[in-house]
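What the coordinates show
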Amino acid sequence: MNPLRHSFRLLSAPGALLALGALLGAPAAMAEEHAPASATAPATPPAAPAAASHHAAPACSEPKPACAMTVNPAFDSKGALWVAFAVGKTVYVASSTDGGKSFSAPATVATIADGVIDSHGDARPKIVPLADGALLASFTTRPDKQMIGTIFTARSTDGGKSFSAPQALLNEGGQRFETFVVTPKGRIYAGWLDKTNMLKAKAEGKEFEGSGVAFGWSDDHGQTFQGKKILLDHACECCRMSSALDKDGQPVFVWRQVFEGNIRDHYAAKLSADGATLTGGRVSDDNWAINSCPHHGPGMTIDANGVWHVVWFTKGKNRQGLFYAQSRDGGKSFSAPEKFGDDAKAPGHPVAIATKGRLYRVWKEFDGTTTSISSQTSRDGGKSWSAPRVIAETADASDHPELVANKNAAYLSWVTHKEGYRLIPLPRDDKSASVK
């Protein structure tokens with residue numbers, strides 16, 4: 001029996017469940033144990049900003065977004081907001097037609113019987129609305145205190161009322177941090193971090209840094225995934241991947257790569273239509289040499305002109321803090337990294353999104369008392385940015401920010417211990433200025 005697989009049972013109706021741990025706090029790195037291959041591996045201290053992390057009791061244990069540690073949002077073609085989240089050992093999906101003020105009764109995707117569900121920081125259940133009205137949900141389970149997992153997917157064809165039995169993306173190895181991109185023709189591309197080659201190397205007594213970067217695709221609305229293959233080894237194993245659809249309809253992915261000397265900088269690449277090759281390059285030479293995982297993945301968006309926009313965190317020898325860069329040649333080269341955020345407030349977990357005529361970058365800061373979400377807008381493709389503007393705050397534990405778009409409008413999706421779930425429109429009236 002595969003030790004990475006976990007048993008689960010499907011429930012016909014949600015029940016009250018105890019939450020696993022607490023909501024994430026300020027933008028410090030996750031204090032998650034870093035155990036690449038063995039449960040006996042020594043823990044490595046976090047490597048991101050030294051802001052306080054809140055690990056308070058769960059705000060509640062009801063099956064609703066306000067009780068979750070993380071929430072993943074997506075709009076469907078009719079403008080309904082869908083969210084995927086976990087409370088305790090159960091993954092749920094719910095929808096809202098009033099901007100997140102209220103949600104439908106949650107549908108249970110799955111309940112696991114052992115292990116834990118990835119639902120903190122960079123790792124979280126996902127929801128993907130499809131053009132035919134179906135929904136694709138995903139989640140990752142892993143043994144307690146181990147950083148190897150199994151990604152499961154499930155589908156709903158009845159408007160989110162019920163989901164099919166979850167299917168493992170792979171039956172061996174260890175996979176986490178999945179991300180999906182849907183093309184205009186309906187093909188679903190998946191990318192994830194895969195420890196199959198690492199586990200094989202360890203079994204043979206060989207050294208191996210990080211995880212592989214793997215991809216696959218589905219042409220049957222997520223029922224099956226084909227071409228599942230590791231295309232590049234040695235990605236940083238505990239940082240999320242981000243993805244976006246390029247102007248030509250092909251997916252682009254960005255992740256933290258482990259370069260020679262344990263340098264953990266970022267790499268962005270486009271996946272070919274046949275899923276066989278990657279084309280791209282290194283985003284920047286930050287020279288962050290660290291023998292542990294930052295738990296701090298990058299954000300990416302691609303605008304209507306096909307420009308790749310990447311935001312990230314680093315504590316490298318060459319630069320430290322939050323940075324932004326863009327590529328206008330398909331990842332062959334990137335602009336000089338541009339710093340943003342207030343270093344005095346431990347900025348972290350940046351994300352970006354492009355809508356018609358607007359480009360946004362959003363991030364998290366902590367001043368010792370209050371956690372805030374700041375936003376900047378560009379109306380000239382990232383050449384200049386508006387002054388930073390605080391768009392949300394909390395004095396308690398909180399999730400990392402997520403961004404979601406509905407047609408030409410962009411929103412911050414954020415769940416906090418005190419305020420619950422919030423969907424906040426990003427400002428469209430901020431005029432770009434030369435703020436560097």
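Parameters at a glance
Residues numbered from 1 in each chain as written. Predicted model: local features only at pLDDT ≥ 70, side-chain atom pairs only at ≥ 80, totals over all residues. Heavy atoms only, no water. Helix = DSSP H or I, 4+ residues; strand = E, 2+ residues; numbered from the N terminus. Buried < 20%, exposed > 50% of the residue type's maximum accessible area, 1.4 Å probe, protein only. Areas by Shrake-Rupley, 256 points an atom, 1.4 Å probe, with all protein chains shown as cover. Contact = heavy atoms within 4.5 Å. Pairing = 2+ DSSP bridges. Axes fitted to C-alpha atoms, helices over the stretch in contact; angles between N-to-C directions. Salt bridge = Lys/Arg side-chain N within 4 Å of Asp/Glu carboxyl O. Disulfide = S-S within 2.5 Å. Phe/Tyr/Trp six-rings, centres within 6.5 Å; stacked < 30°, edge-to-face > 60°. Lys NZ or Arg CZ within 6 Å of the ring centre and 35° of its normal. Core = buried A, V, L, I, M, F, W, Y, C linked by side-chain atoms within 4.5 Å. pLDDT = per-residue confidence, 0-100.

Counting its secondary structure elements, the chain contains one helix and 29 strands. Per-residue burial over the chain gives 60% buried out of 436 residues. A total accessible area of about 16,700 Å² is found for the chain, and carbon and sulfur atoms account for 50% of it.

Take Ser374: it is sitting in strand β25 (residues 371-378). Placed 10 residues apart in sequence, Ser374 and Lys364 show a C-alpha to C-alpha distance of 6.4 Å. Excluding residues within four positions of it along the chain, Ser374 makes contact with Arg361, Val362, Trp363, Glu365, Arg389 and Val390.

It is worth spelling out the sheet that holds strand β26 (residues 389-394) at this point. On the basis of which strands lie adjacent, the open sheet formed by four strands has the order β23-β24-β25-β26 and antiparallel pairing. Edge positions in the sheet fall to β23 (348-355) and β26, since each of these pairs with one other strand and no more. Within this sheet the neighbouring strands show an average axis-to-axis angle of 20°, counted without direction. Relative to strand β24 (residues 358-366), β23 runs antiparallel, the two sharing six bridges. Bridge pairing links Val351 to Val362 in β24.

Another point: helix α1 (residues 196-203). Within the span of α1, buried status applies to Thr196, Met198 and Ala201. For α1, the secondary structure elements touched by its buried residues are β11 (175-182), β12 (188-194) and β14 (226-235).

With that out of the way, let us pick up the pattern of salt bridges. Opposite charge on two side chains allows them to pair when their charged atoms are near. With the rule as written, the count across this model stands at 19 salt bridges. Ionic pairing is found between Asp118 and Arg142, a salt bridge with its closest N-O pair at 2.6 Å. With Asp118 in the loop between β6 (116-117) and β7 (126-129) and Arg142 in strand β8 (residues 135-142), the pair connects residues that are 24 residues apart, well separated along the chain. Considered together, Asp118 and Arg142 belong to a single accessibility category, that of buried residues. Where Asp118 meets Arg176, a salt bridge forms, and the shortest distance between an N and an O atom there is 2.8 Å. One end of the pair, Asp118, is in the loop between β6 and β7; the other, Arg176, is in strand β11, and 58 residues separate them in sequence. By relative accessible area, which is 3% here, Arg176 ends up buried.

Two cysteines whose sulfur atoms are joined by a covalent bond form what is called a disulfide. The final tally for this structure, using the stated rule, is one disulfide. Disulfide pairing places Cys60 opposite Cys67 at an S-S distance of 1.7 Å. In this structure, the disulfide formed by Cys60 and Cys67 twists by about -110° around the S-S bond and is classed as left-handed. Accessibility classification places Cys60 together with Cys67 in one group, the buried group. A disulfide-free cysteine, Cys293 has its sulfur positioned 3.3 Å from the sulfur of Cys236, the nearest such atom. Of the residues examined, Cys293 reaches a relative accessible area of 2% and is grouped as buried.

For the structure shown, the criterion picks out 11 aromatic pairs. Here Phe75 and Tyr411 contribute two aromatic rings whose centre-to-centre distance is 5.6 Å and whose plane-to-plane angle is 45°, an arrangement assigned as tilted. On the criterion of sequence distance, the pair formed by Phe75 in strand β2 (residues 71-75) and Tyr411 in strand β28 (residues 409-416) is long-range, its members being 336 residues apart. The buried category is assigned to Phe75, whose relative accessible area is 15%. For Tyr411, a relative accessible area of 18% translates into the label buried. For the pair Phe139 and Phe152, a centre-to-centre distance of 5.4 Å together with 20° between the ring planes defines the contact as stacked. Taken as a pair, Phe139 in strand β8 and Phe152 in strand β9 (residues 150-156) lie far apart in primary sequence, 13 residues in all. The ring of Phe323 is capped by Arg319, whose NZ or CZ atom sits 5.9 Å from the centre of that ring.

This part is about the sheet that holds strand β27 (residues 402-406). Judged by pairing direction, the sheet is antiparallel, and its three strands sit side by side in the order β27-β28-β29 without closing on themselves. The open sheet has two free edges, formed respectively by β27 and β29 (420-425), since each of these has just one partner strand. Neighbour-to-neighbour, the strand axes of the sheet open up by a mean angle of 30°, direction not taken into account. Of the pairings in the sheet, the one linking β28 to β29 comprises six bridges and is antiparallel in character. Looking at β29, one finds that Ser413 is bridged to Leu423.

Core analysis: the biggest nonpolar cluster contains 20 residues, and Val93, Val109, Ile127, Phe139 and Phe163 have the highest contact counts within it. At four residues, the largest contribution of residues to this core is made by strand β5 (residues 107-112). With 16 residues, the next largest nonpolar core counts Cys60, Leu81, Phe85 and Val415 among its residues.

A few words on the pairing of β25. Counting buried residues along β25, eight of its eight residues qualify, which places the element largely inside the surrounding structure. The two faces of β25 match: Thr371, Ile373, Ser375 and Thr377 on one face and Ser372, Ser374, Gln376 and Ser378 on the other face are all buried. Linkage of β24 to β25, two consecutive antiparallel strands, is achieved through a turn of four residues, within which Gly368 is found at a positive phi near 105°. The sheet contact formed by β25 and β26 spans five bridges and is antiparallel. In the sheet register, Ser374 faces β26, and the bridge partner there is Val390.

Confidence in the prediction for the chain averages 87 pLDDT; 85% of positions are at 70 or higher. The low-confidence segment residues 1-56, where pLDDT is below 50, has 170 contacts with residues more than four positions distant or belonging to other chains.

Turning our eyes to something else, we now look at the side chain of His120. Secondary-structure assignment places His120 in the loop between β6 and β7. For His120, a relative accessible area of 12% corresponds to the buried category.

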